[in-house]
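Descriptive structure summary
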Amino acid sequence: MALTRRLPVISDRPLAKAGLKSERVLWPARGPGVFEQEVASIEDALGLTTVGKAVAWAQSSSVWPDTFGLACCAIEMMSIVSSRYDIARFGMERFSSSPRQADLLIVSGRVTHKMAAPLRQVYDQMLEPKWVIAMGACASSGGMFNNYTVLQGVDKIVPVDIHVPGCPPRPEALMEGIIRLHEKIRAGVPPAYEIRGVAQ
Ligand code: SF4
């Protein structure tokens, strides 16, 4: 289910209160203006870019996942390397269990309190920049296991960039989450640990 963020009414927005009546303030979901579109098309036509954009493109096209399969969701995660889903299309075929050569942690399945410390250790061993996907209801919120043994959401111990809903999410849903992560990286959105200011 797509989550929609409710925008504050115009009168609540500080810039609108100050009397600014630009389209950006009155119509924030409008998208890029004509000038911005023209600049983007000129950049595309001439092949111009910036170092930041080139690095972001390279990073998004070579994300190496570290697996952290803990339960039933892991079976769905494993299948994304198969020929049917073929994660190698995104430069992600190196699906390893070596945190020092990985920059994406896919947590799939329920995390018990006993596994929380090893999971955090694996995360700490990954080099920056690094990202985390919480795959499935259990990793995202504890799922149906609302009890004393299961961590109620992996974001209590590591900063999560993408939550993939479902029980279990199909491989297509995980691919959707991965593509959304690529879009965030290319758009220059910082990793979750920078946004939350935690977990170096
Ligand atoms: S979300 Fe569902 S499929 Fe995934 S680990 Fe939990 S119970 Fe298993």
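Summary of the structure given here.

**Structural notes on the site of the ligand**
Near the ligand you find Ala 71, Cys 72, Cys 73, Gly 109, Arg 110, Ala 137, Cys 138, Met 144, Phe 145, Gly 166, Cys 167 and Pro 168, and these make up its full shell. Its residues assigned to classes, the shell around the ligand shows 9 nonpolar, 2 polar and 1 charged.

**Some words on the pattern of salt bridges**
For the structure shown, the criterion picks out 4 salt bridges. Across the pair Arg 170 and Glu 172 runs a salt bridge, and its minimum N-O distance is 3.1 Å. Relative accessible area serves as the criterion here: at 48%, Arg 170 is assigned to the partly exposed category. Here Glu 183 makes a salt bridge to Arg 180, at a shortest N to O gap of 2.9 Å. Remark: Arg 180 and Glu 183 occur in helix 8 (residues 171–186); sequence separation between them is 3 residues, near one turn of the helix. The class for Glu 183 is partly exposed, based on a relative accessible area of 37%. One network of salt bridges, with partners in common, ties together Glu 176, Arg 180 and Glu 183.

**Observations concerning the packing of aromatic side chains**
Scanning the entire structure with this criterion turns up 0 aromatic pairs. The lysine or arginine in question, Lys 130, covers the ring of Tyr 123, its NZ or CZ lying 4.2 Å from the ring centre.

What counts and how
- Residues numbered from 1 in each chain as written.
- Predicted model: local features only at pLDDT ≥ 70, side-chain atom pairs only at ≥ 80, totals over all residues.
- Heavy atoms only, no water.
- Near = heavy atom within 4 Å.
- Nonpolar A, V, L, I, M, F, W, Y, C, P; charged D, E, K, R; others polar.
- Salt bridge = Lys/Arg side-chain N within 4 Å of Asp/Glu carboxyl O.
- Buried < 20%, exposed > 50% of the residue type's maximum accessible area, 1.4 Å probe, protein only.
- Helix = DSSP H or I, 4+ residues; strand = E, 2+ residues; numbered from the N terminus.
- Phe/Tyr/Trp six-rings, centres within 6.5 Å; stacked < 30°, edge-to-face > 60°.
- Lys NZ or Arg CZ within 6 Å of the ring centre and 35° of its normal.

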